Amino acid sequence: MGALGQTTTIENRTYEEMAVGDSATLEKRLTMDDIKLFAVMSGDVNPAHVDEEFARSSRFHELIAHGMWGGALISTVLGTQLPGPGTIYLEQTLRFRAPVTLGDKVRVTVTVREKLDEKRHVVFGCECRNQDDALVLDGEARVLAPSERINRPRAVMPSVRLAERGRLSEMLAGADYDEPVTAAVVHPVDIESMRALSVAAGEGVIRPVLVGPAARIDAAAEDAGVDIAAFDRVDTRHSHAAAEVAVGMAAAGDVATIIKGGLPMDELLSALVRPDNGLATERTPSQVMAFDVPTYPRPLLISDPQVNIHPALFEKRDIVRNAVSLAHALGISEPRVAMLSSSEAIEPKLTSTLDAAAICKMADRGQVSGAVVDGPMAFDTAISEATARGRGVASPVAGRADVLVAPDLEAASMLVKQLSHLADARGAGLLLGLRVPVVMSNRDDDLGSRLTGIGLARQYLDHVGYTLRGAVDAVV
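Because the structure is predicted, anything quoted here is derived from the model rather than measured. (Residues numbered from 1 in each chain as written. Predicted model: local features only at pLDDT ≥ 70, side-chain atom pairs only at ≥ 80, totals over all residues. Heavy atoms only, no water.)

Chemist: Run through the overall build of the protein chain, naming residues and quoting values.
Modeler: When its secondary structure is counted, the protein chain shows 15 helices and 18 strands. Taking 2.2 N^0.38 as the reference for a compact globule, 476 residues should give roughly 23 Å; the C-alpha atoms of the protein chain span a radius of gyration of 29 Å, well beyond that estimate. Taken along its principal axes, the extent of the C-alpha atoms in the protein chain is 90 × 60 × 40 Å. Out of the 476 residues in the protein chain, the part that is buried amounts to 49%. Long-range contacts, defined here as pairs at least 24 residues apart, represent 72% of the contacts in the protein chain between residues at least 6 apart. Of the roughly 22300 Å² of accessible surface on the protein chain, 50% is carried by carbon and sulfur atoms. The centroid of the 48 positive side-chain charges in the protein chain is displaced by 4 Å from the centroid of its 64 negative side-chain charges. (Helix = DSSP H or I, 4+ residues; strand = E, 2+ residues; numbered from the N terminus. Rg over C-alpha atoms; globule rule 2.2 N^0.38 Å. Buried < 20%, exposed > 50% of the residue type's maximum accessible area, 1.4 Å probe, protein only. Contact = heavy atoms within 4.5 Å. Areas by Shrake-Rupley, 256 points an atom, 1.4 Å probe, with all protein chains shown as cover. Lys, Arg positive; Asp, Glu negative; His and termini not counted. Charge placed at Lys NZ, Arg CZ, Asp CG, Glu CD.)

Shown next, in the form of structure tokens:
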């Protein structure tokens, strides 16, 4: 029959139609995607298969296929070619003769050895050989052969795209902190917040100060199975008071960062952005979301989906500056910033295009520094090099943006939610532009997202050279 997928139908051979010596084959080349997909499906992440560094030190000195990958190919031939549809697997023995390594082309052959008339059982010899005709796998299969002819259209399987997450996590991983920074955790009365701060504290990233109603905090810790005996506590009557106390601690320089717990976002925001709270700086505060998007080859920063509803020109300038600061903290020395609008054309009736052009001119004259800024730019042009080429947009940003600045809160919020729910993007957000960074977790964020947010805050603080007392303003 040849390689997989060459025919549009699959048909079987009944017990009566088969004879001893009949055989069928297929060929398959082993790729890294095969190894990863098999590991994802089976849960077998043995480092011999998925860890290149470990594999180099193994007896084979390179990554090898899972042994049962070859077994699965044998099953494919039996189920789709000989006997084909209607076959029921009864037994299989396998002997692993040699490793299959990346790039090997494996030829799988099954051959009828014996027919057992009374039960329609058929015994097959099975073997897999590589491109050098070396035997890598052999064994014997026993099946219940079909009694009726079956001819069916070959099912068209969906294409699989491996979502290579972790680029953002890799940037945050492996940090060696001299000591944890003190963090005010506001109203941590939910299980998710408790688990995240427990992990972050255990890894030496933060030293939590739990601010909120003591009884509810204790109950959340018990529900989460977290020991908070070593954490500092500030008892408050309710969540509003917890937000005010945490802001006061940050303004006094007693904590390096604030972490949102189980209170509504608007409630914490109202306390944070009040101009007389001691946290205001010369910048407009804004939220920066940092995402791993499986279909995008680099971390993607998006602003501002939370704070500024209809930002004016100079507020947009600060939104850009805040996002650029986080990009620098992540090691992106000259981030590419796309000022989003509906197209690349400047349209006087569309304010976002005029603001984008003005921000670009500010960048040209040093009013926005440390980044390459371009716009106005449509979303697809900003993230797709093919689209940029097709539209004739010659830009160092087009198709390779690190930062997307939406024209208003509505657009940013929709973009963030679409990426999260339709593109399986994962990440976290920081509120920047105040004297301390604030981790703004959503209530439905999982442990990984919450830890990413805490990691972003710590990375940011280390980047600006933060010290607990007397240097709070350096966060700007």
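Chemist: Summarise the pattern of salt bridges; cite the residues concerned and give the values.
Modeler: According to the stated counting rule, one finds 26 salt bridges in the structure shown. Between Glu 282 and Arg 283 there is a salt bridge whose closest N-O contact spans 3.9 Å. Note on Glu 282: relative accessible area 52%, which makes it exposed. What makes Arg 283 buried here is its relative accessible area of 12%. One salt-bridge network, held together by shared partners, links Glu 282, Arg 283, Arg 317, Asp 318 and Arg 321. (Salt bridge = Lys/Arg side-chain N within 4 Å of Asp/Glu carboxyl O.)

Chemist: Give a detailed account of the packing of helix α10 (residues 313–329) against helix α11 (residues 351–364), specifying residues and quantitative values.
Modeler: Running from N to C, α10 and α11 cross one another at 55°; their axes reach a closest spacing of 10 Å. Classed by the angle they form, the pair α10 and α11 counts as oblique. Once α10 is placed against α11, the crossing between them reads as right-handed. In this structure, α10 uses Leu 313, Phe 314, Lys 316, Arg 317 and Val 320 to contact α11, whose residues at the interface are Ser 352, Asp 355, Ala 358, Ile 359 and Met 362. Broken down by class, the residue content of the contact of α10 with α11 amounts to six nonpolar, one polar and three charged. (Axes fitted to C-alpha atoms, helices over the stretch in contact; angles between N-to-C directions. Parallel < 35°, antiparallel > 145°, perpendicular 65-115°, else oblique. Left-handed = near helix turned anticlockwise from the far one by under 90°. Nonpolar A, V, L, I, M, F, W, Y, C, P; charged D, E, K, R; others polar.)

Chemist: Report on the nonpolar core, specifying residues and quantitative values.
Modeler: Residues Met 194, Ile 206, Leu 326, Val 337, Val 373 and Leu 456 are the most contacted members of the largest nonpolar core, which totals 55 residues. When residues in this core are grouped by element, the largest group, seven residues, is from α10. Other than its neighbours up to four places away in sequence, Val 337 contacts Val 320, Val 324, Ala 371, Val 372, Val 373, Asp 374, Val 397, Val 403 and Val 405. By size, the runner-up hydrophobic cluster in this structure holds 28 residues, among which are Leu 26, Leu 30, Trp 69 and Cys 126. (Core = buried A, V, L, I, M, F, W, Y, C linked by side-chain atoms within 4.5 Å.)

Chemist: Run through the packing of aromatic side chains, naming residues and quoting values.
Modeler: The full count for this structure, using the stated rule, is zero aromatic pairs. Here the basic side chain of Lys 115 rests over the ring of Tyr 15, its NZ or CZ set 4.4 Å away from the ring centre. Stacked on the ring of Tyr 296, the Lys or Arg Arg 298 has its end atom at 5.4 Å from the ring centre. (Phe/Tyr/Trp six-rings, centres within 6.5 Å; stacked < 30°, edge-to-face > 60°. Lys NZ or Arg CZ within 6 Å of the ring centre and 35° of its normal.)

Chemist: Any details on the packing of helix α6 (residues 191–202) against helix α15 (residues 447–463)? Residues and values, ideally.
Modeler: Between α6 and α15, the shortest axis-to-axis distance is 9 Å and the interhelical angle comes to 50°. As judged from the angle between their axes, α6 and α15 are oblique. At the point where α6 passes α15, the crossing takes the right-handed sense. On α15, the residues touching Glu 192, Ser 193, Arg 195, Ala 196, Val 199 and Ala 200 of α6 are Leu 447, Arg 450, Leu 451 and Ile 454. The residue makeup of the contact of α6 with α15, split by class, is six nonpolar, one polar and three charged.

Chemist: Run through the environment of Val 403, naming residues and quoting values.
Modeler: Mapped onto the elements, Val 403 comes out in strand β16 (residues 403–405). Distance in space between the C-alpha atoms of Val 403 and Ala 382 is 9.3 Å, their sequence separation being 21 residues. Apart from the residues within four sequence positions on either side, Val 403 is in contact with Leu 301, Ala 323, Pro 335, Arg 336, Val 337 and Ala 338.

Chemist: Go over helix α4 (residues 67–80), please, and point to the residues and values.
Modeler: End to end, α4 covers 21 Å across 14 residues, agreeing with the expected 20 Å (1.5 Å per residue, within 8%). Here α4 has its buried residues at Trp 69, Gly 70, Gly 71, Leu 73, Ile 74, Val 77 and Leu 78. The inward-facing, buried residues of α4 contact β2 (23–29), α1 (32–42), β3 (88–96), β4 (105–116), β5 (121–129) and β6 (135–144). (Expected span 1.5 Å × (residues − 1).)

Chemist: Talk me through the environment of Asp 364; I want residue IDs and the actual numbers.
Modeler: With respect to the helices, strands and loops of the structure, Asp 364 is situated in helix α11. Separated by 139 residues in sequence, Asp 364 and Gly 225 place their C-alpha atoms 54 Å apart.

None of the figures reported here should be taken as evidence of function without further support.
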